[in-house]
Amino acid sequence: MPWIELAVAVLVAVVLTFVVSALVAWVFSLVARRKDWAKAFVTRMRRPFRWSLLVVLLTIALSTTLPRLLGADYPGQEAVSQLFRCTVIVVVAWFVGALALFFEDLGLSRYRVDTPDNRVARRVRTQVLILRRLTVALIVIVAAGALLLGFPGVEAVGASVLASAGLVSVVAGLAAQSTLANVFAGIQLAFSDAIRIDDVVVVEGQWGLIEEITLSYVVVHIWDDRRLVLPSTYFTTTPFENWTRRNSELLGAVEFDLDWRVQPGDMRDELDRVLAGTDLWDGRVKVLQVTDATGGYVRVRVLVTAKDAPTLFDLRCLVREDLIAWLHASSPVSIPRARVQMVVDEPTVPARPQRSTSEAGGLFSGENADTERTALFTSAIPVQHPDDDGHGRPDGRPVGRPDR
């Protein structure tokens, strides 16, 4: 009976799917006791594997039993075959994509970004995330191409498109110029190591972390929890600051404009006490210098270091606050003051202004050599003629200055 054979084939396909899935899960559960990746593999691949196996087995079962039930050339055979083929392509693409994502996650798990020295991990994470998007896009494109090539008439459409490829390429290139530029810029950023995930950057006057890098744009997490979205071409054409390009340690400055009576030595001792009592300072650099002493104030600059940018910001605020409190409590004379001189009696102005003496020391007056210097620029240049000494030009033109 054909109907019973069809039902049995479908039931066998379903049962076989569950049996094989259970067997594979049991094998990987045994491996997961020793290897952590096996558990992640089962979690990632359980559903794609079951659905792919089920669709393939059902396709085999129905393709074998339907011709016996409905005849070799039953109505709608081509539509059913196309449906089976498209379903198999979709589930296989799902399985391949899940497998690729598992290997990418497995590579990312080996490089953790929650460690102090994570520059290599952040670089690998940036590259893997870009490769993940490229992999998914490639799988989707290949699957879509495989689906379309199975339908009659696609070859003719492809031939017509190729025939007009010149015009289409020009129009597409003009329309997608900025998009393609961003795509190539995103790939360049991923593999040139210019920026990475969690890099501290300063762009457009804003300080933040690189949160996401895609093929077309980059998301910067600003310090006040805003997101700045910039095209990928921004980071390939515009200068920007990367504070964690090689390492995350930074040097920061705190400046004070103080009175001339400040004691830098006492202030330096207070700086040592402040840094010794905090974990924000990494112990590399601590400098207090007087960098300027003009305009009625003394400029004192403090240089300190920290392990990363957020810690440095907190350390600078701490040093500034504690030193201000110390100035008020222990050295009030160091607080900047504006001094004013009070004049009681104004000097009397003479009735007739005195003659200016600015001409006494002029370039062409006011000294003994003024006449000689003036003559160098105002006296006439003598001209010699052929009749004078017999050595001049016959046409009567001057032969030059007499002192040469």
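What counts, and at which threshold
- Residues numbered from 1 in each chain as written.
- Predicted model: local features only at pLDDT ≥ 70, side-chain atom pairs only at ≥ 80, totals over all residues.
- Heavy atoms only, no water.
- Helix = DSSP H or I, 4+ residues; strand = E, 2+ residues; numbered from the N terminus.
- Contact = heavy atoms within 4.5 Å.
- Areas by Shrake-Rupley, 256 points an atom, 1.4 Å probe, with all protein chains shown as cover.
- Pairing = 2+ DSSP bridges.
- Axes fitted to C-alpha atoms, helices over the stretch in contact; angles between N-to-C directions.
- Salt bridge = Lys/Arg side-chain N within 4 Å of Asp/Glu carboxyl O.
- Buried < 20%, exposed > 50% of the residue type's maximum accessible area, 1.4 Å probe, protein only.
- Phe/Tyr/Trp six-rings, centres within 6.5 Å; stacked < 30°, edge-to-face > 60°.
- Parallel < 35°, antiparallel > 145°, perpendicular 65-115°, else oblique.
- Left-handed = near helix turned anticlockwise from the far one by under 90°.
- Nonpolar A, V, L, I, M, F, W, Y, C, P; charged D, E, K, R; others polar.
- Expected span 1.5 Å × (residues − 1).
- Arc of directions from axis to C-beta.
- Core = buried A, V, L, I, M, F, W, Y, C linked by side-chain atoms within 4.5 Å.
- Patch = residues over 30% accessible without salt bridge, like charges linked within 9 Å, V, L, I, M, F, W, Y side chains within 5 Å.

Peer 1: Just checking my understanding: could you explain the overall build of the protein for this structure?
Peer 2: The helix and strand inventory of the protein stands at twelve helices and eight strands. In the protein, the proportion of contacts linking residues at least 24 apart, taken out of those at least 6 apart, comes to 62%. Counting every atom, the protein has about 26,900 Å² of accessible surface; 61% of that belongs to carbon and sulfur.

Peer 1: In this structure, what is going on with the pairing of strand β4 (residues 227-231)? I would like to understand it.
Peer 2: Looking down a regular strand, the side chains alternate between one sheet face and the other. Taken together, the five bridges between strand β3 (residues 217-222) and β4 define a ladder with antiparallel strand orientation. Residue pairing in the sheet places Val-219 in a bridge with Val-229 of β4. Two successive antiparallel strands, β3 and β4, enclose a turn made up of four residues, where Asp-225 displays a positive phi of approximately 70°.

Peer 1: I tried to follow the sheet that holds strand β6 (residues 250-258) on my own but got confused; where do I start?
Peer 2: Strands belonging to one sheet form pairs held by backbone hydrogen bonds; the direction of such a pair is parallel or antiparallel. Taken in spatial order, the three strands line up as β6-β8-β7 in an open sheet, and their pairing is antiparallel. The open sheet has two edge strands with one neighbour each: β6 and β7 (286-292). The mean inter-strand angle of the sheet, taken between neighbouring strand axes irrespective of direction, is 25°. Note that β7 and strand β8 (residues 298-306) share six bridges and pair antiparallel. The residue of β8 that forms the bridge with Asp-292 is Arg-299. Helix-sheet contacts for helix α10 (residues 309-330) involve β6 and β8, and the interaxial angle to β6 is about 25°.

Peer 1: In this structure, what is going on with the sheet that holds β4? I would like to understand it.
Peer 2: Taking strand neighbours across the sheet as the criterion, the five strands line up as β4-β3-β2-β1-β5 in an open arrangement whose pairing is antiparallel. For this open sheet the edge positions go to β4 and β5 (241-242), each flanked by a neighbour on one side alone.

Peer 1: What is the right way to read the pattern of salt bridges from this model?
Peer 2: Two side chains bearing opposite charge may form a pair once their charged atoms approach each other closely. Using the criterion set out here, one finds ten salt bridges in the structure. A salt bridge links Arg-132 to Glu-104; its shortest N-O distance comes to 3.1 Å. Separated by 28 residues along the polypeptide, Arg-132 in helix α4 (residues 119-149) and Glu-104 in helix α3 (residues 77-109) bring together distant segments of the chain. Assessed through its relative accessible area of 21%, Arg-132 is described here as partly exposed.

Peer 1: Mind showing me how you'd approach the packing of aromatic side chains here?
Peer 2: Each aromatic ring pair is described using two quantities: the centre-to-centre distance and the angle formed by the ring planes. In total, this model carries five aromatic pairs according to the counting rule given. When the ring of Tyr-234 is compared with that of Phe-235, the centres are 5.4 Å apart and the planes differ by 80°; the resulting orientation is edge-to-face. On the basis of relative accessibility, which here comes to 12%, the residue Tyr-234 falls in the buried class.

Peer 1: Can you walk me through the packing of helix α9 (residues 264-276) against α10 in this structure?
Peer 2: Helix-helix packing is characterised by the crossing angle of the two axes and by the distance between the axes. One way to put it is that α9 packs onto α10 with a least axis distance of 10 Å and a crossing angle of 135°. Between α9 and α10, the interaxial angle falls into the category oblique. For the element pair α9 and α10, the recorded crossing hand is right-handed. Residues Asp-266, Met-267, Glu-270, Leu-271, Val-274 and Leu-275 of α9 form the contact with α10, whose own contacting residues are Leu-315, Leu-318, Val-319, Asp-322, Leu-323 and Trp-326. Residues that form the contact of α9 with α10 fall into these classes: nine nonpolar, no polar and three charged.

Peer 1: Before we go on, may I ask you to explain α10 in this structure?
Peer 2: Because an α-helix packs 3.6 residues into every turn, residues spaced three or four apart end up facing the same way. Relative to the 32 Å expected for 22 residues at 1.5 Å per residue, α10 spans 31 Å between its end C-alpha atoms, a close match to the ideal helical length. Those residues of α10 not exposed but buried are Ala-309, Thr-311, Leu-312, Leu-315, Val-319, Leu-323, Trp-326 and Leu-327. End-on, the buried residues of α10 take up no more than an arc of 140°, which puts them together on one face. Away from its buried face by more than 90 degrees, α10 exposes Phe-313, Glu-321, His-328 and Ala-329. Where α10 is buried, its residues contact β1 (200-203), β2 (206-213), β6, α9 and β8.

Peer 1: Looking at this model, I keep getting lost on the environment of Arg-44. Mind explaining?
Peer 2: Tracing the sequence through the fold places Arg-44 in helix α2 (residues 36-70). Considered as a pair, Arg-44 and Phe-95 are 51 residues apart in the sequence and their alpha carbons are 9.9 Å apart. Once you skip the residues sitting within four places of it in the chain, Arg-44 turns out to touch Ala-98, Leu-101, Phe-102 and Asp-105.

Peer 1: What's the story with the nonpolar core in this structure? I'm lost.
Peer 2: Where a protein is soluble and globular, its nonpolar side chains tend to be buried together. Phe-256, Leu-258, Met-267, Leu-275, Val-302, Leu-315 and Val-319 are the most contacted members of the largest nonpolar core, which has 24 residues in total. For this core, the secondary-structure elements that each account for two or more residues are β6, α9, β8 and α10. A total of seven residues in this core trace back to one element, the largest contributor, which is α10. In this structure Val-302 touches Gly-252, Ala-253, Val-254, Phe-256, Leu-271, Val-287, Leu-288, Val-319 and Leu-323, once residues within four positions along its chain are discounted. Counting 20 residues, the second largest nonpolar core, distinct from the first, contains Ile-130, Ile-195, Leu-230 and Phe-235.

Peer 1: I'm lost on a nonpolar patch on the surface in this one. Help?
Peer 2: Residues Leu-23, Trp-26, Val-27, Leu-30, Val-31, Trp-37, Phe-103 and Leu-106 make up a contiguous nonpolar surface patch of roughly 720 Å² in combined accessible area. Listed by contribution, the elements that provide at least two residues to the nonpolar patch are α1 (2-32) and α3. Looking at which element gives the most residues to the nonpolar patch, the answer is α1, with five residues. Inspection of the secondary structure puts Leu-23 in helix α1.

Peer 1: Would you mind going over unusual backbone geometry with me for this structure?
Peer 2: Most peptide bonds take the trans form, and the phi angle of most residues other than glycine is negative. One non-glycine residue, Asp-198, lies in positive phi territory at about 75°. Looking at where Asp-198 falls in the secondary structure, it is placed in the loop between α7 (177-192) and β1. One non-glycine residue, Asp-225, lies in the positive phi region at around 70°. Here Asp-225 lies in the loop between β3 and β4. Owing to a relative accessible area of 56%, Asp-225 belongs among the exposed residues under this scheme.

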